[in-house]
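The lines below spell out each chain.
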Amino acid sequence: MQTAESLEAFFAEQVDQALRTKGVFAPPLTEHYLVHLLAAYAKRPIDDAPLAVKLMEALDAEPRARRDRLREVGDTSLFVSGFWSDSFARRSVDVDYYMDLGGSAYGELARTGAGWSRDPYGDVYESLSENFPRFVDVLAIVSHATMPAAAPQDILKLYERWTRTGSRWAAQRLAAAGVTMQRSGGRPQ
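Description of the structure in this document. (Residues numbered from 1 in each chain as written. Predicted model: local features only at pLDDT ≥ 70, side-chain atom pairs only at ≥ 80, totals over all residues. Heavy atoms only, no water.)

So, on to the side chain of Asp-137. Locating Asp-137 in the fold gives a position in helix α7 (residues 132-146). Apart from residues no more than four positions distant in its own chain, Asp-137 is found in contact with Lys-22 and Gln-172. (Helix = DSSP H or I, 4+ residues; strand = E, 2+ residues; numbered from the N terminus. Contact = heavy atoms within 4.5 Å.)

Attention now goes to the environment of Gly-23. Turning to its location among the elements, Gly-23 is positioned in the loop between α1 (4-22) and α2 (28-43). Accessibility expressed as a relative area gives 53% for Gly-23, which makes it exposed. Measuring from C-alpha to C-alpha, the distance between Gly-23 and Val-138 comes to 9.4 Å, with 115 residues separating the pair along the chain. (Buried < 20%, exposed > 50% of the residue type's maximum accessible area, 1.4 Å probe, protein only.)

Moving on: the nonpolar core. General note: in soluble globular proteins, nonpolar side chains tend to be found buried as a group. Ranked by internal contacts, the top residues of the largest apolar core, which has 40 residues, are Leu-37, Leu-38, Leu-78, Tyr-106, Leu-128 and Phe-135. Those elements that provide at least two residues to this core are α1, α2, α3 (51-60), α4 (63-83), α5 (95-110), α6 (122-130) and α7. In contact with Leu-38, other than residues within four places in its own chain, are Phe-11, Val-15, Phe-79, Phe-83, Leu-139 and Val-142. (Core = buried A, V, L, I, M, F, W, Y, C linked by side-chain atoms within 4.5 Å.)

One way to put it is that α3 packs onto α5 with a least axis distance of 10 Å and a crossing angle of 15°. Our classification of the angle between α3 and α5 gives roughly parallel. Crossing of α3 against α5: the hand is left-handed. Residue-level inspection shows Leu-51, Ala-52, Leu-55 and Leu-59 of α3 in contact with α5, the latter providing Tyr-97, Tyr-98, Leu-101, Ala-105 and Glu-108. (Axes fitted to C-alpha atoms, helices over the stretch in contact; angles between N-to-C directions. Parallel < 35°, antiparallel > 145°, perpendicular 65-115°, else oblique. Left-handed = near helix turned anticlockwise from the far one by under 90°.)

Once that is clear, we can look at the layout of surface pockets. Its volume calculated, the largest pocket comes out at about 330 Å³. Lining the largest pocket are 18 residues, and of these Tyr-33, Arg-71, Asp-75, Tyr-121 and Tyr-125 lie nearest its centre. At the level of secondary structure, the elements contributing two or more residues to the lining of the largest pocket comprise α2 and α4. By residue class, the composition of the lining of the largest pocket is eight nonpolar, two polar and eight charged. (1 Å grid on protein atoms, 1.4 Å probe; cavity = no way out; pocket = protein on both sides within 12 Å on 5 of 7 lines; lining within 4 Å. Points joined across faces, edges and corners; volume = space filled by probe spheres on them. Nonpolar A, V, L, I, M, F, W, Y, C, P; charged D, E, K, R; others polar.)

Next up on the list: α2. Taking 1.5 Å as the rise per residue, α2 with 16 residues should run 22 Å; its terminal C-alpha atoms sit 23 Å apart, in good agreement. Buried within α2 are the following residues: Thr-30, Glu-31, Tyr-33, Leu-34, Val-35, Leu-37, Leu-38, Ala-39 and Tyr-41. (Expected span 1.5 Å × (residues − 1).)

Another aspect to go through is the packing of aromatic side chains. For the structure on display, the rule yields nine aromatic pairs. Pairing Tyr-33 with Tyr-125 gives two aromatic rings, centres 5.8 Å apart and planes at 85°, and the pair type is edge-to-face. In this pair, Tyr-33 sits in helix α2 while Tyr-125 sits in helix α6, placing the two residues 92 residues apart along the sequence. For Tyr-33, a relative accessible area of 9% translates into the label buried. On the basis of relative accessible area, Tyr-125 is assigned to the buried category, the value being 3%. Here Tyr-106 and Phe-132 contribute two aromatic rings whose centre-to-centre distance is 6.1 Å and whose plane-to-plane angle is 45°, an arrangement assigned as tilted. Here Phe-132 lies in helix α7 and Tyr-106 lies in helix α5, a separation of 26 residues in the sequence. Accessibility expressed as a relative area gives 2% for Phe-132, which makes it buried. Chaining the aromatic ring pairs together yields one cluster made of Tyr-33, Tyr-106, Tyr-121, Tyr-125 and Phe-132. Here Arg-44 stacks its cationic end above the ring of Tyr-41, 4.4 Å away from the centre of that ring. (Phe/Tyr/Trp six-rings, centres within 6.5 Å; stacked < 30°, edge-to-face > 60°. Lys NZ or Arg CZ within 6 Å of the ring centre and 35° of its normal.)

This paragraph deals with the pattern of salt bridges. Counting across every chain of the model gives eight salt bridges. For the salt bridge of Lys-22 with Asp-137, the shortest nitrogen-to-oxygen distance reads 4.0 Å. With a gap of 115 residues between them, Lys-22 in helix α1 and Asp-137 in helix α7 connect regions that are remote in the sequence. Relative accessible area serves as the criterion here: at 18%, Asp-137 is assigned to the buried category. Taken together, the shared-partner salt bridges connect Asp-47, Lys-54 and Glu-72 into one network. (Salt bridge = Lys/Arg side-chain N within 4 Å of Asp/Glu carboxyl O.)

This is the structure in structure tokens:
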């Protein structure tokens, strides 16, 4: 098992490369946050409780618990959306569901809430909220660099999804796998 220090160094390199590849600017503290998020999830399992329920509970919680729960929803949503995005090709829950939840949670964290002082990571949460899809793409690049390639049936399911919905996300995932799509008359082909 690698130590946290080596995990953080590994993910720092991966995140830096992915940000450059996608042309995404992240302030240093935001980049640092992403590195620590990945290192943390590499060492512990994801709680599988429904995130929508957690978000609702967070909004009703006292200020300190609210911050912790909102951060957990945002972090889990970002990690799952980016790092495990290929698995959505086999699920009824869409990646957009996680992206909406995560962006909302980080947006709430960025605001000064009644009963708590401004969080020192407020600017990080604001950046994550405003650019959530871009950071999902960054984590997807890290995922592809560290995980085995998608199985052919996963690519086929992504293609079927793209033909049904015209999903930009599915098109990007297919392009990353080397599949080129064209639209004719506004409809996928």
